[in-house]
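Residue-level listing of the chains:
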Amino acid sequence: GPQGEQGIQGPQGEQGPQGEAGQDGADGQDGQDGQDGQGFDEMTQYGSITLNLSGTRPDGEAFEDSNIFKFTALQADELVLNSISIDDTDPDNTLYGFIVQRFLTAPDDASNNSNIYFELGFTNIGESSEEFLGGLVDINDYAVIGADNKFFEINDLYSNPGLGVSDFEFTDLVFDAADNNHLSFSFSFMVTAAENDTGHELTVSGDVDVYLLEEITP
């Protein structure tokens, strides 16, 4: 007999399940590290100071802050700020004077002036009669920046003995003239609210690991 007419097309079947994702391609190779800027090695070769601050911001929020100051100013007239003087004219006591300044970033004439500065005196380092004679720590143009992008500035000089400073401690003091005047120590002290820029009690601590310069005079 005659061929029957084609029936109506049936409804489309349900979509099959999605196939599994293919594997991620391999990561590309890391690019090469950029070169340090000109002068970086020269300005950082004399060691660094780590500064830790703990306290309360001027707005009442607690904070912890840590930074490494590792740049030395290298102009000849600035090198006195990274220097040692030794006076051994007294047969019983050798006097040591240390001046150490480190910048947070590469120093220049116009800006980048954030720095920490130490001026310290000792007698008879490494002997049983070793004594700390006093000194000062100066933090200049340093901004503490919070995770909330609020900041405050510290521009303070703390001296020992001095106003508002307590619990001043030096530990692990080592000075080795034979190793290019290598000086290292840890430090810690408290500052009262009235004597620091936070307006609250502040704990200052850190580590110094530096090489000092000694001027040759005629």
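Residues numbered from 1 in each chain as written. Predicted model: local features only at pLDDT ≥ 70, side-chain atom pairs only at ≥ 80, totals over all residues. Heavy atoms only, no water.

On to the sheet that holds strand E6 (residues 131-145), then. Within the open sheet, the five strands sit side by side as E3-E4-E5-E6-E7. Their pairing is antiparallel. The sheet terminates laterally at strand E3 (82-87) and strand E7 (151-160), the two strands that pair on one side only. Sheet twist, expressed as the average angle between the axes of neighbouring strands with direction ignored, equals 5°. Of the strand pairs in this sheet, strand E4 (residues 95-103) and strand E5 (residues 115-123) are connected by nine bridges, and their pairing is antiparallel. Note that in E5 the partner of Gln101 across the bridge is Tyr117. (Pairing = 2+ DSSP bridges. Helix = DSSP H or I, 4+ residues; strand = E, 2+ residues; numbered from the N terminus. Axes fitted to C-alpha atoms, helices over the stretch in contact; angles between N-to-C directions.)

Ordered by their spatial adjacency, five strands build an open sheet running E2-E1-E10-E9-E8, and the pairing between neighbours is antiparallel. One side of each edge strand has no neighbouring strand; the edge strands of this open sheet are strand E2 (62-69) and strand E8 (165-176). Sheet twist, expressed as the mean angle between neighbouring strand axes with direction ignored, is 5°. Judged from the ten bridges that link them, strand E9 (residues 182-191) and strand E10 (residues 202-211) form a sheet pairing that is antiparallel. By the bridge assignment for E10, Ser186 is matched with Asp207.

This paragraph deals with the pattern of salt bridges. Counted according to the given criterion, the structure contains two salt bridges. Taking the shortest distance from any N to any O, the salt bridge between Arg57 and Asp59 comes out at 2.7 Å. Under the relative-accessibility criterion, Asp59 is labelled partly exposed at 46%. Asp148 is paired through a salt bridge with Arg57; the nearest N and O atoms lie 3.0 Å apart. (Salt bridge = Lys/Arg side-chain N within 4 Å of Asp/Glu carboxyl O. Buried < 20%, exposed > 50% of the residue type's maximum accessible area, 1.4 Å probe, protein only.)

With 36 residues, the main nonpolar core has Leu53 and Phe118 as its most contacted residues. Those residues in contact with Phe118, other than ones at most four positions away along the chain, are Ile49, Phe98, Ile99, Val100, Leu136, Val137, Phe185, Phe187 and Val208. (Core = buried A, V, L, I, M, F, W, Y, C linked by side-chain atoms within 4.5 Å. Contact = heavy atoms within 4.5 Å.)

Another aspect to go through is the packing of aromatic side chains. In total, this model carries 19 aromatic pairs according to the counting rule given. For the pair Phe122 and Phe132, a centre-to-centre distance of 5.1 Å together with 45° between the ring planes defines the contact as tilted. Of this pair, Phe122 sits in strand E5 while Phe132 is found in strand E6, placing the two residues ten residues apart along the sequence. Under the relative-accessibility criterion, Phe122 is labelled buried at 2%. Through a chain of ring-to-ring contacts, the aromatic side chains of Tyr96, Phe98, Phe118, Phe122, Phe132, Tyr158, Phe168, Phe170, Phe175, Phe185, Phe187 and Phe189 assemble into a single cluster. (Phe/Tyr/Trp six-rings, centres within 6.5 Å; stacked < 30°, edge-to-face > 60°.)

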